[in-house]
Amino acid sequence: MSVDVGDLSGRIDVAIPCGATLAGHVALPAMTVDWEQVERTRHRMTRKGAEMTVRVLDVPGDGGGKAIIVGDAERSSNPLVRIHSRCLYGDALQSDDCDCGPELSKSMDAIQREGAGVLFYLEQEGRGAGLEVKAMGLRLTQSLGITTFDAYHELGYPDDLRRFDHVAQSLLDDLELRSIRLLTNNPDKQSALAEHRIEVDRVPLRTVPRSVRSRKYLEEKRVHRGHALPPRWAWVCGIWAKRVGVAVTTLSVVGAWALDIRELVITSHLLMIATFILNHPANANARFRVRAMLRRLGMLRR
Ligand SMILES: [Zn+2]
């Protein structure tokens, strides 16, 4: 389908033109968080069949947003943190052409599993350039066959305008966290926090590309921005490994029927049904619940 991007307010996102750099970090004025207000937002949320406690913390500043604090993350010594920039297409419209939606979902799965963590949701759409610029860039990539980074350059924008100083400040001053586990493949986020002397353990996020465009975009991020992602051949091998797995399961069913071995027939059928059910993208919730149940039974640690 094709989409048009408009702004009902009649204005467009203001972005820094090409030439502006994000080198170094900006020392923001210290702000005191109103914890009484944060506590007033404490409530229970059900997600994928399991409950968690969340609070909302404001992250002020240009390109700021909100932090969703799950559980009592600020009391953890090394909690999971996700810094996520808004992506209307990926997060809300579930576009298959980028990995934002699956990354957000996987991050929340990990935080929810632990019962504590922080999600920073930042108003930095289109790598900080805004939705209109992102849409114009996508148009260029599709019409000229260039990368999204080259498309940004064509439009007069640098690769990435996002900054994470306000996140570092929120972690240090509001949440008083000096050490975190950061859910990301993006080395820029890790180094931005490290500049503020926050100890960062990077936790990689593995998502399966859901379209050819998404696979291409992941490869661009790996090559142009140094994201810690598997190379293209690894995705292709993964897809073929899955296909071979399905083929072997199907052959075992057929073989069991041909040899008329009753136990094998039943076992292989159950195996085939389980494989298809658990691998279907629509059953992510089922996988989540199975893992939650195994953890409750002490059969799975995390
Ligand atoms: Zn996206």
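Scroll up to find the structure.
Trainee: Help me out: how do you make sense of the nonpolar core in this one?
Mentor: Across soluble globular proteins, nonpolar side chains show a tendency to be buried alongside one another. In this structure, I83, F120, L171, I180 and L193 are the most contacted members of the largest nonpolar core, which totals 25 residues. For this core, the secondary structure elements donating two or more residues are β2 (50-59), β3 (65-70), β4 (80-85), β5 (117-122), α6 (165-174), β6 (179-183) and α7 (187-194). Element by element, the count of residues in this core is highest for α6, at four residues. Setting aside residues no more than four positions away along its own chain, L171 makes contact with V81, F120, E176, L177, I180, L193 and I198. Ranked by size, the runner-up nonpolar core spans twelve residues in total, among them V54, L104, A110 and L183.

Trainee: Can you help me understand the environment of D188 in this one?
Mentor: Note on placement: D188 falls in helix α7. With a relative accessible area of 26%, D188 lands in the partly exposed category. Considering only alpha carbons, one finds D188 and R163, 25 residues apart in sequence, at a separation of 9.1 Å.

Trainee: In this structure, what is going on with a nonpolar patch on the surface? I would like to understand it.
Mentor: A cluster of nonpolar side chains, namely L259, I261 and L264, defines an oily patch on the protein surface of about 270 Å² accessible area. Looking at the element boundaries, L259 is found in helix α9 (residues 232-259). You can call L259 exposed: its relative accessible area is 61%.

Trainee: I would appreciate a short explanation of the sheet that holds strand β7 (residues 199-203) in the present structure.
Mentor: The pairing of strands in a sheet comes from backbone hydrogen bonds and takes either a parallel or an antiparallel form. In space, the seven strands of this open sheet follow the order β1-β2-β3-β5-β4-β6-β7, with mixed pairing throughout. For this open sheet the edge positions go to β1 (43-47) and β7, each flanked by a neighbour on one side alone. Averaged over all neighbouring strand pairs, the angle between strand axes comes to 35°, with direction disregarded. Seen against the sheet, helix α3 (residues 100-114) touches β1, β2, β3, β4, β5 and β6 and runs at an angle of roughly 160° to β4.

Trainee: Even after reading the chapter, I still don't get α7, so can you show me in this structure?
Mentor: Turning to α7, its buried residues number three or more, namely K189, A192 and L193. Viewed end-on, α7 has its buried residues packed into an arc of 95°, placing them on one side of the element. Elements in contact with the buried residues of α7: β4, α6, β6 and β7. Sitting at the head of α7, N186 places a side-chain oxygen 2.9 Å from the backbone nitrogen of D188.

Trainee: It is not clear to me how α6 should be interpreted in this structure. Could you clarify?
Mentor: Three or four residues apart is the spacing at which side chains of an α-helix point the same way, because the helix has 3.6 residues per turn. With respect to burial, α6 is a largely interior element, nine of its ten residues being buried. Along α6, the residues classified as buried are D165, H166, V167, A168, Q169, S170, L171, L172 and D174. Looking at the packing, one finds that the buried side of α6 touches α1 (35-40), β2, β4, β5, β6 and α7. Directly beyond the C-terminal end of α6, a positive phi value near 55° is found at E176.

Definitions and limits used
- Residues numbered from 1 in each chain as written.
- Predicted model: local features only at pLDDT ≥ 70, side-chain atom pairs only at ≥ 80, totals over all residues.
- Heavy atoms only, no water.
- Core = buried A, V, L, I, M, F, W, Y, C linked by side-chain atoms within 4.5 Å.
- Buried < 20%, exposed > 50% of the residue type's maximum accessible area, 1.4 Å probe, protein only.
- Helix = DSSP H or I, 4+ residues; strand = E, 2+ residues; numbered from the N terminus.
- Contact = heavy atoms within 4.5 Å.
- Patch = residues over 30% accessible without salt bridge, like charges linked within 9 Å, V, L, I, M, F, W, Y side chains within 5 Å.
- Areas by Shrake-Rupley, 256 points an atom, 1.4 Å probe, with all protein chains shown as cover.
- Salt bridge = Lys/Arg side-chain N within 4 Å of Asp/Glu carboxyl O.
- Pairing = 2+ DSSP bridges.
- Axes fitted to C-alpha atoms, helices over the stretch in contact; angles between N-to-C directions.
- Arc of directions from axis to C-beta.
- Polar contact = N/O pair within 3.5 Å; in protein donor to acceptor, adjacent residues only side chain to side chain.

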